[in-house]
Each structure stands twice: as structure tokens, then as C-alpha cells.
Amino acid sequence: MVFDSAFLKRLEALRVAVRRVVGGPREGERPGVRRGGSSVFHSYRSYAQGDDFRSIDWSLYARLESLFVRERTRDEAPSLHVVVDASPSMAFGAPTKLELARRLGAALGFLVAGEGGDVTLWLGAKPRLFRGPGSVPGLLEAMASEEGTGRPADSLARITGRGLVVVASDFWDEGLDAAMSSLAGGGHQLTLLHLLAREELDPPLRGRVRIADSESGVAVTRFVADEEIARYRELLEEHVHGWRAWAMKREASYVRCASDVPFDEVCLVYLRGEGVLE
Amino acid sequence: MNFLHPAAFAGLASLLVLILLSLWRQRPATGIVPSVRLWERIPDRLPPVRALRRPRASLSLLLQMVVATALVVALAGPGIVRHQPAPRRIAVVVDSSAYMAPRTNDVGRELSKLDSSDDILTIESGSLRRSEGWHGYHELSMASVVDPGPALDLAASEATEIVYVSDRRASWSPPPGVSLHLVLVGGPLDNTGIVDAGVEDGKLFLRLSRSAEVEVAIGNSAVKRPPAIFHLMEVPTDATRITASLAPDAFTADDRVEVERSEGRVDVGFSGRPDASILAAIESNPAARVVRGGAPRLLIRIGEGRGGASAPVVVDVDPREGVATWSAPGEISVAPHELTEKVEAEDMKLTEVGTLGEPAETPLMFSGGKPFAALLKRGEIVIAAKYASAGWPARPSFPIFWANVLRYAASGAGAWSAKGLLDETASRPGLERMALDPGKFQARPLATLRTDLSGASIALAALLLAVLWFFESRGRE
């Protein structure tokens, strides 16, 4: 997956917004939950042998006559989980929804890995971890070529720890709601990238049509005219609103976009507009 | 109407396929969507009647069937057959002899009787020039009576119906299967012609076809002589050109003649194998002028046959024809003659000499008593001898002999010659007349003409396809 240099330059000026304190295993530039050497105060504790004298709070000693050391938080790099839905329904659109999902995952992973964070890619049968700036080429390669298998709900259920979780999907999967609710409750910062193909937004169906599901094979036969199309759009709007409401409720970011929107615009307008990037 | 490939009508079975396809197309189309969840929530309903029975669908099928039918018909090769008379190939040989000059209008009048829908080839007998139809003479022979044989032979190879237009009958018989239609446009002509002219012993001699006045111009002075058949008059010694003319009449080609005295210098042409020795001997002589082409007075042929180019005086050296045997030279001797004057026998160093195959009028040189060089007849010299360049050509007799030849050739060159003199027969008009009767031609054969309609069928199919595309595209909108 190749980004042109102009786009990368604009992308490098951004970073993934972190609204919750999400702990990453590696030291970085974001306030973490662990104690460390940043300038941000974390707590006091009693002096223990071997503590650095410079961390002793002498004013507190003057009041309490006990030695306490000031503990500071550790600046951490964020940990990002990119969950890409590679189900058959993602093969619609031009470019396909899956293609856009891969590129968005690559862009977000590029930013996080670039600032030293961990990026876990949930696309294939097994998650792949990319750590730090040196892993960026491998990350981009994996995003471009790794074969997508498995349901995103299963991937979400396997995510442990706390971090940023980006789910790029069309959100037709029945189990996604429960899996993401569980993650949101576990302190993860969730971002929902709701990708829709143009033919989902404006179905090219007319007349008597046997409408088959791309994944389950279930088919319904409907007479499709302007009335049915209007009703479909209403239902789709409900579907989209439902996920947006779900995201708001769980303080998750929600971005809906069609797969044929130019990628630069998705990153620099849609993601920035929704606060995914800053 | 008939068809070249009736078996192609089996392709009409494709109509059945079209009908089946149209029935199949009426089944609901299948659309695959990412998820059917939303569609499941939309109730199905019966389509309105107008959607089920759209006339456009029927029209589309009808158009498809017509297109398929048109293509099948085109493959079958349709055509309309007509039978109509085919043009006949008629070859017209027009006599282009000089005596036909006053007959041109008669020729045109007779040939206008030909049906222009026939395929008419015109051949002029003199030049064998061919043209389609008759547009008048291109070239009339004014110097001789033309033998129509070659033109009629050519016509016989081109057509089975030959029309020969002349003022006299031709002694030519058509080959089997070929019909000759003689058209004679003869008739009396008010003509007086000069049939003979010449200057001998300083006197001009004129003979006319009948008694008439003649005007004779010598240099700048002209003399009108009283009517007579024969005219004889003195010619000044310094005169070089004499013009004799009659009063114009119906046939003007024989009304004027010019008699000229040619220059003393001899134009010499060469043909055959190059011989540098002879060329050098000729070129060294101021009485000679070597020419390329044209009409030389003396032609020297080396190692060639007796035919081919000719001239008033021809010398054949080492001829390929007319020599019975070749052998080593025996004792050479030279006969006294103006051509062998000062030619020494001992100079004749030859490698081979030939025995002449025909009797010589005047033997010139002998080998072992048999002539190998001779004057066969006036103007034709043969030298059946081979020699090396170091042999005879290296001896004085060689240029002397060729100087003798030049002098011999020049002896006639200074003579008077008449120009514009016709053959005597050309001044005698043919008198017979025989009109062209087109009814005597063979009836026109019936030709079968077939107008192929495959292209029209394909064009119709293409047009209907365009209409079909229009309806289909409107249907998609």
C-alpha cells in the first residue's frame, strides 16, 4: 500500500486523537496510567530505600515530617487495534469497502506506529503486532496484502488490555454490537468507521428482483420501484443513526463514509471532522 | 428471388432461442447486496400491470426477431435473378489505307448503325490501333495500301462477329465460328493522282493516273505544265528539291509529291557484335557519319542473321545465316570490282572463311576458288570471314575496302528520291458499296443477371439493431 509523498506529508502533521488515558506498553508522548518520568504528577508514596532523593517532596516533609516521594506518570505511546472487516459484504463498491478499510487502517497504524506505539492488525486469522516506527513498512505491507478472514466480532472479543480500537466495517454483522459494547466497557477508546458502498446508498435495483445476501445467501424477492427505494433509504438512515447513537452513548468516535469518497478527503476531512485525527 | 445458401435458413431456429430467452428474462432478476437485512423489512407487493406487460418488451422481442431473420436471410444470400440480352462483342476493322481518306464520313455513317449497347472494338488496319467504339481515324496510312489481314486476324481473336469496312473486298477468310460482315464504302472518286515521280539523267519524270495539269516548282520558280498523263522536263544541275502538285480533288493524298536529292555523306549504322576495327575504319572516313537508330543509308551487321534492321545498303560480316560451312582459308584471291579496288589478296589474313549458301550475283573474294565475299544483289554485301584484330584489320586493304563500301553506298545517296508517292493502287478507288446490315448479326445471348441483396439484408439488420439499442437504452433509463 503506497501513499504518495504529498499525502504522507499532510498525514504526518496529524496524530490519532486520544481522549481517554489509554496505556500502552511503551514509553511515548501520551499521558499514561503507569508511573514514570513525565512532568505530570501522579501520587505520593512513602520513601523507600533507593529512591531518588530528588523525588522527595520536602515541603510535605516540613508539614508531615515523613519522607514522601512524588511519583509522576509515565508518558506512553498509544496502543492501537485495527479491526478490519473482511467479510464478503465488504467486497462491494468501487473502490471496495475493504480496500478503503485497509487504507484507513494503514493510515491510522502509520501514525500510531510512527510515534512509537503498538499497532495490532486484526485482519487475518491471527492478529499481527507492529511495534514502533521501524515496523511501519511491514504494517503497510500487511495492510495491503494480508488476506482477510474471520468475523470482526470474533476479533473484537479477543482484544485484551486498553487502547485505541478502530473498527472498519459496514456493520451488517449481527454480533458486532455485543462485542464492541464489551470493549467500550473495558476502557477502550473505540472508533467506528462505517463504510458503505455506493450501491448500498443508492441501490441499482428496479422491477421484480430476487435480492440475495452476499454473506448468508438468504434471498428475498421484491418488486422494487421508487417507493421501495425510498423506504430502503429510510431504513438505511435508521441503521446509520442507530450506530451513531450507539457510538455517542459509549463515547466512541463514529465516521460514516462512502467507499468512493477520495481517500485524502476521508482522512483529512472526515476523520479530522469527527475528531479521530487531530 | 433466389438464395445462394438456402441451408442458412436453419438459422431461423435462433428465433426460438430468442423467444425462450425473452421468457427467461421475464423471471425476476437477481441482485446481490451486501446485506439483505433492510430489504427483509420492506414488504413485497404485486407489481402494477403496466410493469408486467410493457409494450416495449414485446417490441424489443419483435425487433430482435426481425434482426435475427434479416441476418439469416443475409446469410442465405438472397438475390433477384433477371434474364436480359447480353451485349455482343463485335470487332470492327476499319481499313486505314490511304484511299479511305475520302471515305471517312461513309465509314462513320455505316458504323452508326451498330447498336451502342453492344461491346464494340474498333481496330484500324494499318496501325492495329484499338479503341472502344468508333471515333474517327487516328492514323491513316498515306504511303501504301494496307493489308487488312493482321487486323482481321486480331479481330478474330477478339470477337466472333467481325465487321470489315473498306472500299474493296479483302482476301481474307474468317476462321470457323467467326462471322465476317463486309461493309463496302467504295464508289467513284473524282481523283487524279501522281502515281510515279523521279529524276533520271537530269530530267524530271511524272506519271499521273489520268491526264491533268501539274504545277512543278524547282527552287523558287514554278512552272504549270499543260494536261497530260506523262510529264518530262529538264532539271537544273544545281536543283536539290522539286515539288509537283495537282489541283486538289476528292483524294488529296496523291496530289503532291516532293523529289529531293540527298546529301553525299553516308549515314552508317551498326548492329550486332561490336567490331572496333570496322568502326575505326568507318569513323576515320570523312564521307561517313555513324548514326544511332534512324534510317542510315549503310547498315553494317556483324555476326547477325539476315533479317532485322535494313537499309539501302547492308553489309553482313561474319553472318550467322547464309553460310553453308566454315573452314580455314585457302588461297585468297580478289575479283575486280569497285568494292575490291586496291584491295590486296595478300592482305586478307583471315582465320576462317565461309562457303556462301546461296549463289552470289557478284563474287568479290575467293578462298580456294570459292567465293566467301560477294554482292548478293544490289545493296546487299556479305563477307563470310572471321579475322583476328592483328590480321586483315592491321593491313592497308582493310580501310581501303571500307572506303570502297562507303563510296558504293554513297553512289545511290546522291540520287533523287520521291517523297509522298503513293502505291499506284492507292489512286484507284474501290467502287463497290455494301451497307451494314445489323440484322445479320447473331442474336444477343440471354444473360442471367443476379442482384445480390445480402448487403441490403445486413443494412436492414444494422438499422433494426440501432432501433433496438435505442429502445433498450430508453428501457434502462
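So, here's what we can say about the structure. This is a predicted model, so every value here is computed, not measured.

Reading the values: rules and limits
Residues numbered from 1 in each chain as written. Chains lettered and ligands numbered in written order. Predicted model: local features only at pLDDT ≥ 70, side-chain atom pairs only at ≥ 80, totals over all residues. Heavy atoms only, no water. Helix = DSSP H or I, 4+ residues; strand = E, 2+ residues; numbered from the N terminus. Contact = heavy atoms within 4.5 Å. Areas by Shrake-Rupley, 256 points an atom, 1.4 Å probe, with all protein chains shown as cover. Buried < 20%, exposed > 50% of the residue type's maximum accessible area, 1.4 Å probe, protein only. Buried area = accessible area lost by both parts, 1.4 Å probe. Salt bridge = Lys/Arg side-chain N within 4 Å of Asp/Glu carboxyl O. Pairing = 2+ DSSP bridges. Core = buried A, V, L, I, M, F, W, Y, C linked by side-chain atoms within 4.5 Å. Arc of directions from axis to C-beta. Axes fitted to C-alpha atoms, helices over the stretch in contact; angles between N-to-C directions. Parallel < 35°, antiparallel > 145°, perpendicular 65-115°, else oblique. Left-handed = near helix turned anticlockwise from the far one by under 90°. Nonpolar A, V, L, I, M, F, W, Y, C, P; charged D, E, K, R; others polar. Phe/Tyr/Trp six-rings, centres within 6.5 Å; stacked < 30°, edge-to-face > 60°.

### Concerning the overall build of chain B
Item 1. In terms of regular secondary structure, chain B is built from 9 helices and 27 strands.
Item 2. Taking the contacts inside chain B whose residues are at least 6 apart along the sequence as the reference set, 66% of them involve residues at least 24 apart.
Item 3. Carbon and sulfur atoms make up 57% of the accessible area of chain B, which amounts to about 24900 Å² in all.

### What about the overall build of chain A?
Item 1. Along the backbone of chain A there are 9 helices and 10 strands.
Item 2. The buried share of chain A, taken over its 278 residues, is 51%.
Item 3. For chain A, long-range pairs separated by at least 24 residues make up 69% of all intrachain contacts whose partners lie at least 6 apart in sequence.

### Description of the environment of Val92(B)
Item 1. Summarising the element assignment, Val92(B) is placed in strand 4 (residues 89-94).
Item 2. Those residues in contact with Val92(B), other than ones at most four positions away along the chain, are Leu111(B), Leu114(B), Ile120(B), Leu121(B), Thr122(B), Ile123(B), Val163(B) and Val165(B).

### Structural notes on the interface of chain A and chain B
Item 1. Taken residue by residue, the interface counts 34 residues in chain A and 21 residues in chain B.
Item 2. For the pair chain A and chain B, the summed buried area comes to about 2600 Å², and 64% of that belongs to carbon and sulfur atoms.
Item 3. Applying the counting criterion to the chain A and chain B interface returns 5 salt bridges.
Item 4. With a closest N to O distance of 3.7 Å, Glu227(A) and Arg45(B) form a salt bridge.

### Observations concerning unusual backbone geometry
Item 1. With omega at 0 degrees, the peptide bond leading from Ala94(A) into Pro95(A) counts as cis.
Item 2. Examined against the element boundaries, Pro95(A) turns out to sit in the loop between strand 3 (79-84) and helix 3 (97-114).
Item 3. With phi around 50 degrees, Asp318(B) is a residue other than glycine that occupies positive phi space.
Item 4. Residue placement: Asp318(B) occurs in the loop between strand 17 (313-317) and strand 18 (323-327).
Item 5. With relative accessibility at 7%, the residue Asp318(B) sits in the buried group.

### Notes on the sheet that holds strand 27 (residues 446-452) of chain B
Residue and element names in this part refer to chain B.
Item 1. Spatially, 3 strands are ordered 1-3-27 in an open sheet, and the strand pairing comes out antiparallel. Two strands in the sheet have a free side with no partner beyond their single neighbour: strand 1 (2-3) and strand 27.
Item 2. Of the pairings in the sheet, the one linking strand 3 (residues 78-85) to strand 27 comprises 7 bridges and is antiparallel in character. Looking at strand 27, one finds that Gln84 is bridged to Ala447.

### Notes on the nonpolar core
Item 1. One finds Leu156(A), Met180(A), Leu190(A), Leu192(A) and Trp39(B) to be the most contacted residues of the largest nonpolar core, which totals 84 residues.
Item 2. In terms of residues, this core owes the most to one element, helix 3 of chain A, which gives 11 residues.
Item 3. In contact with Leu156(A), not counting residues within four places along its chain, are Val83(A), Val165(A), Val167(A), Leu176(A), Ala179(A), Met180(A) and Leu183(A).
Item 4. Counting 35 residues, the second-largest nonpolar core is a separate cluster that includes Val268(B), Ile300(B), Leu350(B) and Val353(B).

### Thoughts on helix 5 (residues 104-111) of chain B
All names here are of chain B.
Item 1. Those residues of helix 5 that fall on the buried side of the exposure criterion are Asp106, Val107, Glu110 and Leu111. In a view along the axis of helix 5, the buried residues occupy a sector of 125 degrees, so they form one face of it.
Item 2. Residues of helix 5 that are buried in the fold lie against strand 4, strand 7 (161-166), strand 8 (179-185) and strand 26 (433-434).

### Overview of the packing of helix 3 of chain A against helix 4 (residues 136-145) of chain A
All names here are of chain A.
Item 1. Relative to each other, helix 3 and helix 4 sit at 165 degrees, their axes nearing to 9 Å. In this view, helix 3 runs roughly antiparallel relative to helix 4, as classed from their interaxial angle. In this structure, helix 3 crosses over helix 4, and the sense of that crossing is right-handed. From helix 3, Arg102, Gly105, Ala106, Gly109, Phe110, Ala113 and Gly114 reach across to helix 4, where they touch Val136, Leu139, Leu140, Ala142, Met143, Ala144 and Ser145.
Item 2. Residue classes in the contact of helix 3 with helix 4 are distributed as 9 nonpolar, 4 polar and 1 charged.

### Regarding the sheet that holds strand 18 of chain B
All names here are of chain B.
Item 1. Pairing within the open sheet is antiparallel, and its 3 strands lie in the order 18-20-24. The outermost strands of the open sheet, each flanked by one partner alone, are strand 18 and strand 24 (385-386).
Item 2. For strand 20 (residues 352-356) and strand 24, the ladder comprises 2 bridges, and the chain directions are antiparallel. When the sheet's bridge partners are listed, Glu352 is paired in strand 24 with Lys386.

### Structural notes on the packing of aromatic side chains
All names here are of chain A.
Item 1. A complete count under the given rule lists 12 aromatic pairs over all chains for this structure.
Item 2. Where Phe171 meets Trp243, the ring centres are 4.8 Å apart and the plane angle is 45 degrees; that geometry is what we call tilted. Placement of Phe171 in the loop between strand 6 (164-169) and helix 6 (176-185) and of Trp243 in helix 8 (residues 226-249) is noted, with a sequence separation of 72 residues between them. Assigned by exposure class, Phe171 and Trp243 land together as buried.

### What about the pairing of strand 8 (residues 207-213) of chain A?
Item 1. Across 6 bridges, the pairing between strand 8 of chain A and strand 9 (residues 219-224) of chain A is antiparallel. By the bridge assignment for strand 9 of chain A, Ile211(A) is matched with Val220(A).

### So, the side chain of Glu380(B)
Residue and element names in this part refer to chain B.
Item 1. Tracing the backbone shows Glu380 in strand 23 (residues 380-383).
Item 2. We classify Glu380 as buried; its relative accessible area is 16%.
Item 3. Beyond its immediate sequence surroundings of up to four residues, Glu380 is in contact with Arg306, Val314, Ala374 and Leu375.

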